[in-house]
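Spelled out from the first residue to the last, the chains are:
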Amino acid sequence: MAQPTSLIPFSLASRVERLDSYTYRANLVDGYCIGTVPNGGYVASCLVQAASIHLAARGQTDTLTAHFEFLNRTEVGPAIIVVDDVKPGRQLSTVHVTLYQHALLPQYPWITPGTTRKEVAAYMTMTDLQKEQGISLPTGWTLSQPSAPPPTPDFAALRGGHDAHWEPLVFLPGNVLAYTRCLQNCVYYTPRGGQPSKSTIDLWVRLASGEPFTNASLAYVADCWPYVVEAYRPSKEDAAAAAAAAANSPLPFAQDSVFWYPTVVLNLDQKKTLPAEGVDWLQLRVQTKQIRNGRLDLEVVVMDADGELVALSQHVALILDSARNTGERKTKTGKASGSHM
């Protein structure tokens, strides 16, 4: 697959600059947007980067757990990230991390009180995963429900689209996800025999830039496929049959509906550290248990090429019309502002 000309490597897109002892600056880029709003996992990764830099002197650069609350729509452009030490510790340290946008200042205090927006808030427990010690016991857990995924692919063959069990996911022209520019940053592979069910999605992914996945990118990986609802999208044949039936259409939603799936809450539980040089491939299983009243849950399992569990993530997301994504924003003064700073 040819790389899009606008592709920005994840390591560059999520780069964080230290401004003072507790303050960091990021620049959210257009290439990781869904419509006009940066992907929630991408934004979360920027907060993880700030926390990792903040605790580097303590040797606690790994995220043990993280809880992200998405308070407002983020936007393309600069962001200020403030890290507060809640409880420093020898083995574990807890920090509160907040991302701000709008009316930012070029010097301390960096934000304009009463005008700058608090966009994302997070609690993170940081540690050094390589120093973990303690009892380990086998649980027998596997990706077996509702069915096991196909065998691990031949990765050399998979890059060329020739693996016997997995194939590249191709987005055809006119696909309703076309406005989701964030999708260009990963290359996705799906089972040749189809998904286990509409509510369970198996994928192998790699970064389209060719760079490896690292610990810092795991929050983005956990949110790179929040599109389970798309498996329920009616086909053109379904839409035609419903139109012919006229009354009491059985369709769950219109065939040409365009949705936005904003993350309300994202939790990340990292089970193992990735090697310093990163890994090229990660396996995902994305599953929802209930889609109701415009809200859905997501459980994301992240595994490596050796079949080891890397991370677990739980999400609460909404199903909104895409117009909610691209509409004008209101500032704290009540005035409308553009989508970008």
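Residues numbered from 1 in each chain as written. Predicted model: local features only at pLDDT ≥ 70, side-chain atom pairs only at ≥ 80, totals over all residues. Heavy atoms only, no water.

You'll find the protein chain entered in an unreviewed UniProt entry as Thioesterase-like superfamily-domain-containing protein, with Lasiosphaeria ovina given as the organism.

**Q** Hey, could you run me through the UniProt feature "domain: Acyl-CoA thioesterase-like N-terminal HotDog" (unreviewed entry) in the protein chain in this one?
**A** Feature annotation in UniProt places "domain: Acyl-CoA thioesterase-like N-terminal HotDog" (unreviewed entry) on residues 31-103, given in this structure's numbering. Counted over residues 31-103, helix gives 21% and strand 45%. Its end C-alpha atoms are 23 Å apart. (UniProt positions renumbered as here; feature names shortened; annotations may be inferred. Helix = DSSP H or I, 4+ residues; strand = E, 2+ residues; numbered from the N terminus.)

**Q** Is there a simple way to think about the nonpolar core in this case?
**A** Soluble globular proteins tend to pack their nonpolar side chains together in the buried interior. In terms of nonpolar packing, the biggest core is built from 71 residues, with Tyr42, Leu47, Phe68 and Met124 touching the most fellow members. For this core, the leading source of residues is helix H2 (residues 40-54), giving eight residues. Judged by nonpolar contacts, the second largest core, of nine residues, contains Leu7, Trp166, Ala208 and Trp281. (Core = buried A, V, L, I, M, F, W, Y, C linked by side-chain atoms within 4.5 Å. Buried < 20%, exposed > 50% of the residue type's maximum accessible area, 1.4 Å probe, protein only.)

**Q** What's the story with H2 in this structure? I'm lost.
**A** Residues lying three or four places apart along an α-helix face the same way, a consequence of the helix completing one turn every 3.6 residues. Between the first and last C-alpha of H2 there are 21 Å, a value that for 15 residues agrees with the 21 Å anticipated at 1.5 Å per step. With 13 of its 15 residues buried, H2 lies for the most part within the structure. Of the residues that open H2, the one with a side-chain oxygen 2.9 Å from the backbone nitrogen of Gly41 is Asn39. (Expected span 1.5 Å × (residues − 1). Polar contact = N/O pair within 3.5 Å; in protein donor to acceptor, adjacent residues only side chain to side chain.)

**Q** Help me understand the environment of Val301, please; the structure alone is not making it clear to me.
**A** Inspection of the secondary structure assignment puts Val301 in strand S16 (residues 295-303). With relative accessibility at 6%, the residue Val301 sits in the buried group. Put simply, Val301 and Leu7 are 294 residues apart on the chain and 26 Å apart in space, counted from C-alpha to C-alpha. For Val301, the residues in contact, after removing those within four places along its chain, are Trp141, Leu143, Gln283, Leu284, Arg285, Leu309, Ala311 and Leu312. (Contact = heavy atoms within 4.5 Å.)

**Q** Just to check I follow, could you spell out the packing of aromatic side chains for this structure?
**A** To describe a pair of aromatic rings, you give the distance between the ring centres and the angle between the ring planes. Going through the model one piece at a time under the given rule, you end up with 15 aromatic pairs. The interplanar angle of 80 degrees and the centroid separation of 5.0 Å between the aromatic rings of Trp225 and Tyr227 together place this pair among those described as edge-to-face. Neither Trp225 nor Tyr227 differs from the other in exposure class; each is buried. Each residue in the set Phe171, Tyr188, Trp225, Tyr227, Phe253, Phe259 and Tyr261 is aromatic and connected to the rest through ring pairs, giving one cluster. (Phe/Tyr/Trp six-rings, centres within 6.5 Å; stacked < 30°, edge-to-face > 60°.)

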